[in-house]
Every structure is written in C-alpha cells, then in structure tokens.
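# A look at the structure
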Amino acid sequence: MTNIQEKMPQAEMVKWRRHLHRHPELSFHEVETAKYIQSVLAEFPNLEVSSLTENSVIAILKGSKPGKTIALRADIDALPIVEEADVEFSSENPGVMHACGHDTHTAMLLGAVKTLTEMQDKIAGTVKFIFQPAEEEPPGGAKLLVEAGVMDDVDLVFGLHIAPNIPVGMIGTRKGAASAASDVFTLKIQGKGSHGSTPDLSIDPIMIGVEVINNLNNIVSRNISPFSNVVISIGEFNAGKTANVIPDTAQIQGTVRTNDKEIRQYVKQRIETIIDNVCKMYDATYDLDYLLGYSEVNNDSAATDLVLAAAEKVVGKAQIFEAPKMMGGEDFSAYTDVKPGSFFILGGGTAAEGCGYMNHHPKFKIMEDCFKTGAAMHTQIILDILGQ
C-alpha cells in the first residue's frame, strides 16, 4: 500500500464539493456547474479544455511521451429532491439536491486532474477527463457524448460511484455485469366509462389494469429462471376521480431491470404480449410507450484487474470487496458499450457516522475523508497504465 492518498488535494476537494453541493442543477441544466468546473480547470497547467455537448466539460492531458488514451469520468447533475441532510453546506437551490453524490464524483476527479497535471513528465500517453452532464435522465449525457465522439480515441475508460453504508477507504468492484439495464414503460388503457351502478355497460380500465399488473408480475416468477436477475416494478396506476363512476381510461407506468441483453428483449416482448392479449380479451384498446433506457454496465475483465491492482496499492487488499450486482441503472454503460472499461464502488461512510441513507434519499450524506481515496484511485490507475 502506498501513501498516494496523502498527496491528494483534500482541502481543495472539500471546497469544490461544498460549492457544487450548495448549487445543484438538474440533468440537462448544468450551466453554472459546467462554468464552475471550467474555472477550476483553468487553474491547472498542461490542459486542453473543451465541450463536446451542452454542459459537458472535457479536459485532455497529454503526457511527455505518446501512448494509450485513458478516460476518467465523473457525472455532474443533481436530483429533484428537497434536501433534508444535516450539513452546513446544504442546497441553496430549492427542490434540487446532490442526493446521489455526483458533487463528490466531480470533486474527486478534479483532485485527480490537479495531481496528474503536476506529473505530466511521468505520463506516456493521454488522459481524457470527462465531466458528464445528465446521468440521471434518459437518454443520458453519456450516450450523447459517445455519439459526439468522446470515446473514438479512447483505449480504456474508468469511473466510480460513491456509496453510503460502506466504510471510508473500501473499494468494491466485480467483473461482468455490474448494473442493470433500466427501461421504462407507460401504458394507457382506453375502455368505456359508466355509472357505478351499471358496470355491465362499461369496459372497466381499472379491472383490466389490475389484470395486466398481476400478469406482469408472473413474468418474473414463471417465465424467468430464478438464477437470472429481473425486476419489474409498477410505480403509477391512475384512473378515475370519484367513487360511483367507472372511468374510461387508466394509466400505468413501470420500470424493468435486467442484467442480460437477451433477457431484456424477452421481457419486453412478454410485456407487450400480455398487455395486448388482456386488452383484447376485454375489448379495450391501448397505447404502450416502451422506452429502452440505459443498458447494463459491463466491467471488462482486464480493466477490472487494473482497478484491483490500483486498489491494492491505494487501500490494501483487506479493504477490497466484491461489489454485488446493482439493479439500479447507470449510464456509464454507454461508454462500456463501445470501449472496454470498469466501474467501481467507493465507500462513503457507515450508518454509525450518519451515512445510513442510500443514494437518492433526501438525507443522503457521506464522509468527506473518502475524497482522497477516490482521487487516489483515479491517479493510481493512470500511473499504472501510463506511468513511465
């Protein structure tokens, strides 16, 4: 284990993070966030800074000798959540909060930028620092950046995500599928309304919707192997406004999470078949909007070995754990869809330290001591691959 963590600009990372936390911006609206990142980057030598998409910031560091191009990514957007975390630097933007930790990701990558720009003579190759907007909202900022060519010259890409309920100084990763593909569907059922006293004159969209939901739940329990990971969750069922009137329409929204591309397509087909058959059975019509969201993050085996090697140097073997499969979505997948890479977890503090609320919770909080670990991981990965 090295002392590289002690070389990280901890005080500056805390300052940068707290500024970002006070001024969160939603996906596709990170105008001031991008300006702030650019202002910080302007303080560092040897960088080429540009923007490939709206609100993105790309910084390129060319080493003293040619070599591979390695990308490091941080997401910069916040969530539409009212902050309840007990911190002195809470959000000053009402109804918006960095409840997922993207402010910490940005600060840690800035810390790595500062460190690596001072080590240009030790680098053989190019480092591409990607400050990416709109991770939280499909189609996602990563997809747009990939389409704009951000990965065209990249050999490997790495990223991290902070997580509460894990001690500071711990690093988790896994090979293969590390997150879930996250899809969303909206179903509008068109039936026929009637008075509650004459249900025989109706085509009841509530009853039809209930039957659709029951059958969708059977996909996981009866159509999918118990060894596969599939989650179907219904988050909205709206119909009617009063007790004695059967409405003519109902709306259902749900999400589908899968870890396998073939299963992802199979589940989509089953959902479409079930909705079609149930609605036909009751003479109802429907409109289905099925949005294929982020694909699953697939951690390349060789790239993950590089993460593990760096983690052993930064925190020691005892502090490394195998991360469980995550059924949440993460648009880092847009990068690993086109180039090999690896995405790892950084411990952000335990419940005993006040960090017991998960990402996206209004009381989400992390320990800032973890910043030097995250920045050191970024730095060590680059030195291991491009160092001379």
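Residues numbered from 1 in each chain as written. Predicted model: local features only at pLDDT ≥ 70, side-chain atom pairs only at ≥ 80, totals over all residues. Heavy atoms only, no water.

Taking an unreviewed UniProt entry as the reference, the chain is identified by name as N-acyl-L-amino acid amidohydrolase belonging to Enterococcus wangshanyuanii.

### Focus: the overall build of the chain
Looking only at helices and strands, one finds 9 helices and 16 strands in the chain. Expressed along its principal axes, the backbone C-alpha trace of the chain runs to roughly 80 × 40 × 40 Å. Intrachain contacts of the chain at a sequence separation of at least 6 include 83% that bridge at least 24 residues. Mean positive and mean negative side-chain charge positions of the chain (33 and 50 charges, respectively) differ by 5 Å. (Helix = DSSP H or I, 4+ residues; strand = E, 2+ residues; numbered from the N terminus. Contact = heavy atoms within 4.5 Å. Lys, Arg positive; Asp, Glu negative; His and termini not counted. Charge placed at Lys NZ, Arg CZ, Asp CG, Glu CD.)

### Some details on the nonpolar core
If you look at the biggest cluster of nonpolar residues, it comprises 61 residues, and the most contacted ones within it are Leu41, Phe129, Phe131 and Met377. Of the residues forming this core, the biggest block, 8 residues, is contributed by helix H9 (residues 371-386). Once residues within four sequence positions are removed from consideration, Phe129 is found in contact with Leu47, Val57, Ile58, Ala59, Leu61, Leu72, Leu109, Val113 and Leu116. (Core = buried A, V, L, I, M, F, W, Y, C linked by side-chain atoms within 4.5 Å. Buried < 20%, exposed > 50% of the residue type's maximum accessible area, 1.4 Å probe, protein only.)

### Describing the pairing of strand S3 (residues 65-75)
Inspection of the sheet shows S3 paired to strand S4 (residues 124-132) by 8 bridges, in the parallel sense. Within the sheet, the bridge partner assigned to Arg73 lies in S4 and is Ile130. What joins S3 to S4 is helix H3 (residues 102-117), and the crossover it makes is right-handed. Where S3 and strand S5 (residues 156-163) come together, 4 bridges link them in parallel fashion. Note on S5: the bridge partner recorded for Ile70 is Leu156. (Pairing = 2+ DSSP bridges. Right-handed = clockwise from strand over helix to strand, strands pointing away.)

### A few points about empty space enclosed by the protein
What the rule picks out here adds up to 1 cavity of 30 Å³ or more. A volume near 40 Å³ is recorded for the largest cavity. Surrounding the largest cavity, Arg17, His21, Glu83, Ala85, Val87, Phe89, Phe364, Lys365 and Ile366 form its lining. Partitioned by chemical class, the residues of the lining of the largest cavity number 5 nonpolar, 1 polar and 3 charged. (1 Å grid on protein atoms, 1.4 Å probe; cavity = no way out; pocket = protein on both sides within 12 Å on 5 of 7 lines; lining within 4 Å. Points joined across faces, edges and corners; volume = space filled by probe spheres on them. Nonpolar A, V, L, I, M, F, W, Y, C, P; charged D, E, K, R; others polar.)

### Side note on the sheet that holds S4
Spatial ordering of the open sheet is given by S1-S2-S4-S3-S5-S16-S6-S15, a layout of 8 strands whose pairing is mixed. The open sheet has two edge strands with one neighbour each: strand S1 (47-50) and strand S15 (320-322). If you compare each strand with its neighbour and ignore which way they point, the axes differ by 25 degrees on average. The sheet contact formed by strand S2 (residues 57-62) and S4 spans 6 bridges and is antiparallel. Counted as the bridge partner of Ile60 is Lys128 from S4. Of the strands in this sheet, S1, S2 and S4 touch helix H2 (residues 31-41), which is tilted by about 20 degrees from S2. (Axes fitted to C-alpha atoms, helices over the stretch in contact; angles between N-to-C directions.)

### Section: the layout of surface pockets
In this structure, the largest pocket encloses a volume near 710 Å³. Elements with a contribution of two residues or more to the lining of the largest pocket: S5, strand S6 (171-173), strand S8 (181-190), strand S12 (249-258) and strand S16 (341-347). The class makeup of the residues in the lining of the largest pocket is 17 nonpolar, 10 polar and 7 charged. The computed volume of the second largest pocket comes to approximately 220 Å³. Lining the second largest pocket are 14 residues, and of these Pro139, Lys143, Gly293, Tyr294 and Ala334 lie nearest its centre. Breaking the lining of the second largest pocket down by element, the ones donating at least two residues are helix H4 (141-147), strand S13 (285-294) and helix H8 (333-336).

### Details of the side chain of Thr53
Checked against the element boundaries, Thr53 lands in the loop between S1 and S2. For Thr53, a relative accessible area of 16% puts it in the buried group. Those residues in contact with Thr53 that sit more than four places away from it in its chain are Pro133, Leu144, Leu145 and Ala148.

### Topic: the UniProt feature "domain: Peptidase M20 dimerisation" (unreviewed entry) in the chain
Mapped onto the present numbering, the UniProt feature "domain: Peptidase M20 dimerisation" (unreviewed entry) falls at residues 175-280. When the span residues 175-280 is considered, its composition is 37% helix and 34% strand, and the gap between its end C-alpha atoms is 44 Å. (UniProt positions renumbered as here; feature names shortened; annotations may be inferred.)

### Some thoughts on the sheet that holds S8
What the 4 strands build is an open sheet, ordered S10-S12-S8-S13; its pairing is antiparallel. At either end of the open sheet lies a strand with only one pairing partner, and these are strand S10 (230-239) and S13. Neighbour-to-neighbour, the strand axes of this sheet turn through a mean angle of 15 degrees, independent of strand direction. Those strands touched by helix H5 (residues 205-223) are S8, S10 and S12, and its axis lies near 175 degrees from that of S10. Contacting S8, S10, S12 and S13, helix H6 (residues 261-281) crosses the sheet at an angle of about 170 degrees to S13.

### A closer look at the environment of Thr350
As for its position among the elements, Thr350 is in the loop between S16 and H9. Setting aside residues up to four positions removed in sequence, Thr350 forms contacts with Asn165, Ile166, Pro167, Cys355 and Gly356.

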